[in-house]
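Understanding the architecture of this molecule
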Amino acid sequence: MPSDERDIVDHNIFDQLLEMDEDDEDRSFSRDIVINYFEQAETTFASMDKSLTEKDLTALSRLGHFLKGSSAALGLNKVKASCEKMQNYGNMKDERGNGSISADDALKRIASLLDQTKEEYKEAEEYLKKYYGDI
């Protein structure tokens with residue numbers, strides 16, 4: 001697997017999810033989780049866009065935290081990392097959760113990061129759709 005695919009999906013985590021499938025060919029359990037993730041991510045991104053327009057840093061932090069957890073459960077490394085940064089920026093901290101930044105700085109960082117996160121999500125979505133072949 002090329003390194004860029006390893007950056008998209010951590011198979012140590014994703015493979016644990018696959019082990020829960022009762023039927024290795026059908027993969028209905030993990031497929032349903034992935035489909036649910038797609039739906040959650042799209043809804044969350046819409047909420048993030050609205051919260052950014054409203055300059056609601058608290059909501060952006062909460063939404064970043066939510067999508068971080070969902071992404072981590074599937075092993076989606078890039079999305080998880082970007083959502084963690086968004087969570088920190090929403091708390092007016094730097095990307096590592098340290099120090100203090102202004103609300104304006106946080107909003108600027110989130111605006112840029114949100115576009116990046118959506119691109120990372122699209123990469124993960126394409127990878128997972130290719131993996132399952134029919135979703």
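Refer to the structure above for everything that follows.
Scope of this entry: the structure provided in the associated data block. (Residues numbered from 1 in each chain as written. Predicted model: local features only at pLDDT ≥ 70, side-chain atom pairs only at ≥ 80, totals over all residues. Heavy atoms only, no water.)

**Describing the overall build of the chain**
Operational definition: For the purposes of this entry, the term helix denotes a DSSP run of H or I that reaches at least four residues, the term strand denotes a run of E that reaches at least two, and both are numbered from the N terminus. Here the globule rule is a power law, 2.2 Å times the number of residues to the power 0.38, and the radius of gyration is based on C-alpha atoms. Whether a residue is buried, partly exposed or exposed follows from its accessible area with a 1.4 Å probe, protein chains only, as a fraction of its type maximum: under 20%, in between, or over 50%, in that order. Only heavy atoms enter the contact rule, under which two residues are in contact if any of them lie within 4.5 Å.
When helices and strands are tallied, the chain shows 6 helices and 0 strands. Helices (α) and strands (β) of the chain occur, in sequence order from the N terminus, as α-α-α-α-α-α. Its C-alpha atoms give the chain a radius of gyration of 16 Å, within 12% of the compact-globule value 14 Å for 135 residues. Counting only residues that meet the buried cut, the chain has 39% of its 135 residues in that class. Taking the intrachain contacts of the chain between residues at least 6 apart in sequence as the baseline, contacts between residues at least 24 apart amount to 63%.

**Brief notes about the nonpolar core**
Under the convention used in this document: Residues enter a nonpolar core if they are buried and are Ala, Val, Leu, Ile, Met, Phe, Trp, Tyr or Cys, with the set joined through side-chain atoms within 4.5 Å.
Among the nonpolar cores identified, the biggest contains 32 residues, and F14, Y37, M48, L67 and L76 are the most heavily contacted of them. Sorting the residues of this core by element identifies α2 (11–18), α3 (28–53), α4 (57–74), α5 (77–90) and α6 (103–132) as the ones contributing at least two each. Broken down by element, the residue count for this core peaks at 10 residues, all from α6. Contact partners of L67, with chain neighbours within four places excluded, come to Y37, A41, T44, F45, M48, V79 and C83.

**Focus on the environment of E120**
Looking at the secondary structure, you find E120 in helix α6. Here the alpha-carbon distance between E120 and L76, two residues 44 residues apart in the chain, equals 9.0 Å. Apart from residues no more than four positions distant in its own chain, E120 is found in contact with K78, V79 and S82.

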